[in-house]
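Examination of the molecular architecture
So the chains spell out like this:
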Amino acid sequence: METTLAKTESAIDRLRADMARRDAEMGKRDAEMATEMAKRDAEMAKRDKDNTRWQIGLWVAAVVILGFLIRWPF
């Protein structure tokens, strides 16, 4: 009976050590993911700003061209 109990305790200790190691790995991965997400968010903000500039520029150009065509004497 004692050998079975010792084997079980040994297996539980190995599982606890394995779980602690995996918890540490997951914490490290979470930190890496948070860093990558912050980089992605910064890049998305830059792209959004650039896209907004393009849209505003194209709308202004369209209004100017339409205004020019409407005022063009035929």
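Our subject in this report is the structure included herewith. (Residues numbered from 1 in each chain as written. Predicted model: local features only at pLDDT ≥ 70, side-chain atom pairs only at ≥ 80, totals over all residues. Heavy atoms only, no water.)

The subject of this paragraph is a nonpolar patch on the surface. Taken together, the side chains of Ile65, Leu66, Phe68, Leu69, Ile70 and Trp72 define a hydrophobic patch exposed on the protein surface, amounting to about 670 Å² of accessible area. Within the secondary structure layout, isoleucine 70 lies in helix H1 (residues 2-71). With a relative accessible area of 68%, isoleucine 70 lands in the exposed category. (Patch = residues over 30% accessible without salt bridge, like charges linked within 9 Å, V, L, I, M, F, W, Y side chains within 5 Å. Areas by Shrake-Rupley, 256 points an atom, 1.4 Å probe, with all protein chains shown as cover. Salt bridge = Lys/Arg side-chain N within 4 Å of Asp/Glu carboxyl O. Helix = DSSP H or I, 4+ residues; strand = E, 2+ residues; numbered from the N terminus. Buried < 20%, exposed > 50% of the residue type's maximum accessible area, 1.4 Å probe, protein only.)

Our focus in this paragraph is the pattern of salt bridges. Side chains that differ in charge, positive against negative, can pair when their charged atoms come close. One pass over the full model with this rule turns up six salt bridges. Among the ionic pairs, aspartate 18 bridges to arginine 21, the shortest N-O distance being 2.4 Å. Here aspartate 18 and its partner arginine 21 are both found in helix H1, three residues apart, which amounts to about one turn of the helix. A salt bridge links aspartate 41 to arginine 40; the shortest N-O distance between them is 2.9 Å. The exposure class assigned to arginine 40 is partly exposed, which follows from its relative accessible area of 42%. Salt bridges sharing partners connect three or more residues here, namely Asp18, Arg21, Arg22 and Glu25.

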